[in-house]
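Coordinate analysis (summary)
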Amino acid sequence: MTSLPTRRLGALTVSAQGLGCMGMSQGYGASDDDRSIATIHRALDLGVTLLDTSDFYGSGHNEQLVGRALAGPRREQAVLATKFGFTNRFGEPTHIRGDAPYVREACDASLRRLGVDHIDLYYAHRIDKTVPIEETVGALAELVQAGKVRHIGLSEAGADTIRRAHAVHPIAALQSEWSLWTRDLEPEIAPLCRELGIGIVPYSPLGRGFLTGRYTSLDALPEGDLRRTQPRFTDGNLERNLAIVETLNALAAEKGVTAGQLALAWVQHRGDDVVPIPGTRREKYLEENIAAATLELSAEDLAAIDAAAPADKVAGTRYDARSMSVLDK
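Let us look at the structure shown here. Note that this is a predicted model, so its numbers are computed, not measured.

Overview of the layout of surface pockets
What the second largest pocket holds in volume is close to 210 Å³. Lining the second largest pocket we find 15 residues, and of these Glu-156, Ala-157, Asp-184, Ile-189 and Asp-328 sit closest to its centre. Residue assignment for the lining of the second largest pocket shows that the elements contributing at least two residues are helix H5 (159–168) and strand S8 (173–177).

Given below as structure tokens:
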């Protein structure tokens, strides 16, 4: 057993870096359950405590997988985070629900799939714009009272939503995309979270793997990989964005680390209330990512990284139009 430094998400203490489990069930080509479970176990042995899943990932498969990985004494090692909100788990058009009956129904279903008696951190995966956030968070607060949920989170929520939600019940964490090529949180959302004492959990801190430098063409992505349809990976945008990675590669070589480690360490340095959740199915990349959690960067290093990846030079939106439409602004 080793240990990582810890950080706070509201009143919740977790490892300074978590593990995003989505790719073990969907999005990035074929996966292997046994390999994924071995990676989760390795993460726990290396001191990662925060495991992130959702009822949406793999239409419930990912929760079942994580539940298998945590069976028995492993459960006590983990801070288990999952999410609700997407009802299109089985192929229906995208629809978000945050009404109180659905919140209760989704929680009970997740508890069954995970095989646990409580969820440590339960997020609204996206915000239902047809339901007052007070209703959604009120239902979550009832789940806390019932002992089914320990802490409440929001994902991809806007400033007004965050403030109103926090007035109903303390919000422990906001999970949103944050990386060198996605800086949307910085002007307003991150300062608001700090004002309210809400921790920040960046997903895709490696730009869906792009900032590792491992993907230089669409041909490098397997068939069925979700990145093949995302604007930043399409022809034209991909080539422009590769210039960022080339500069990162040069900076990383000077420090004796990988471009991915440098990009992830940059996210880790955003603040002591920031807990990124890079995803991987392989122990090799898990260990690379964990090493970035304690990589020291000087002010000069951070300035050079910022200069290598200016936000206005990133080509393409982070999602396609449909996925962008369900983000809370």
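Next, the rest of the story.
A short note on empty space enclosed by the protein
Under the counting rule described, the total for this entry stands at 1 cavity of 30 Å³ or more. Here the largest cavity defines a volume of roughly 40 Å³. If you go around the largest cavity, the residues you meet are Glu-177, Trp-181, Arg-208, Gln-230, Arg-232, Phe-233 and Arg-318. A breakdown of the residues in the lining of the largest cavity according to their chemical character gives 2 nonpolar, 1 polar and 4 charged.

Examining the packing of H5 against helix H6 (residues 189–196)
Following both chains from N to C, one finds H5 and H6 inclined at 15 degrees, their axes separated by 10 Å at the closest point. One way to sum up the angle between H5 and H6 is to call them roughly parallel. The two elements H5 and H6 cross, and the hand of that crossing is right-handed. Every residue of H6 that contacts H5 at Ala-159, Ile-162, Arg-163 and His-166 is listed here: Ile-189, Leu-192, Glu-195 and Leu-196. For the contact of H5 with H6, the per-class residue count stands at 5 nonpolar, 1 polar and 2 charged.

Side note on the packing of aromatic side chains
Counted according to the given criterion, the structure contains 5 aromatic pairs. Measuring from centroid to centroid gives 5.9 Å for Trp-181 and Phe-233, while their planes differ by 90 degrees, and the two rings are edge-to-face. Residue Trp-181 is found in the loop between S8 and H6, and its partner Phe-233 is found in the loop between strand S9 (199–203) and helix H7 (237–255); the two are separated by 52 residues along the sequence. Here the two residues Trp-181 and Phe-233 agree in accessibility, since each one is buried. Taken together, the ring pairs connect Trp-181, Phe-210 and Phe-233 into an aromatic cluster. Across the ring face of Trp-181, the terminal group of Arg-232 is positioned such that the distance to the ring centre comes to 5.0 Å.

Quick word on the side chain of Ser-54
Residue position: Ser-54 is located in the loop between strand S4 (50–52) and helix H2 (61–69). Within the local environment of Ser-54, its side chain forms a polar contact with the backbone nitrogen of Phe-56, the two atoms lying 3.0 Å apart.

What to know about the pairing of strand S1 (residues 6–9)
Where burial is concerned, the two faces of S1 differ: the one with Arg-7 and Leu-9 is buried and the one with Thr-6 and Arg-8 is not. The pairing of S1 with strand S2 (residues 12–15) spans 4 bridges and is antiparallel. Note on S2: the bridge partner recorded for Arg-7 is Val-14.

Section: a positive patch on the surface
A contiguous patch of positive charge on the surface is contributed by Arg-35, Arg-214, Arg-282 and Lys-284. Secondary-structure assignment places Arg-282 in the loop between helix H8 (259–268) and helix H9 (283–292).

Scoring rules and cut-offs
- Residues numbered from 1 in each chain as written.
- Predicted model: local features only at pLDDT ≥ 70, side-chain atom pairs only at ≥ 80, totals over all residues.
- Heavy atoms only, no water.
- 1 Å grid on protein atoms, 1.4 Å probe; cavity = no way out; pocket = protein on both sides within 12 Å on 5 of 7 lines; lining within 4 Å.
- Points joined across faces, edges and corners; volume = space filled by probe spheres on them.
- Helix = DSSP H or I, 4+ residues; strand = E, 2+ residues; numbered from the N terminus.
- Nonpolar A, V, L, I, M, F, W, Y, C, P; charged D, E, K, R; others polar.
- Axes fitted to C-alpha atoms, helices over the stretch in contact; angles between N-to-C directions.
- Parallel < 35°, antiparallel > 145°, perpendicular 65-115°, else oblique.
- Left-handed = near helix turned anticlockwise from the far one by under 90°.
- Contact = heavy atoms within 4.5 Å.
- Phe/Tyr/Trp six-rings, centres within 6.5 Å; stacked < 30°, edge-to-face > 60°.
- Buried < 20%, exposed > 50% of the residue type's maximum accessible area, 1.4 Å probe, protein only.
- Lys NZ or Arg CZ within 6 Å of the ring centre and 35° of its normal.
- Polar contact = N/O pair within 3.5 Å; in protein donor to acceptor, adjacent residues only side chain to side chain.
- Pairing = 2+ DSSP bridges.
- Patch = residues over 30% accessible without salt bridge, like charges linked within 9 Å, V, L, I, M, F, W, Y side chains within 5 Å.
- Areas by Shrake-Rupley, 256 points an atom, 1.4 Å probe, with all protein chains shown as cover.
- Salt bridge = Lys/Arg side-chain N within 4 Å of Asp/Glu carboxyl O.
- Lys, Arg positive; Asp, Glu negative; His and termini not counted.
- Charge placed at Lys NZ, Arg CZ, Asp CG, Glu CD.

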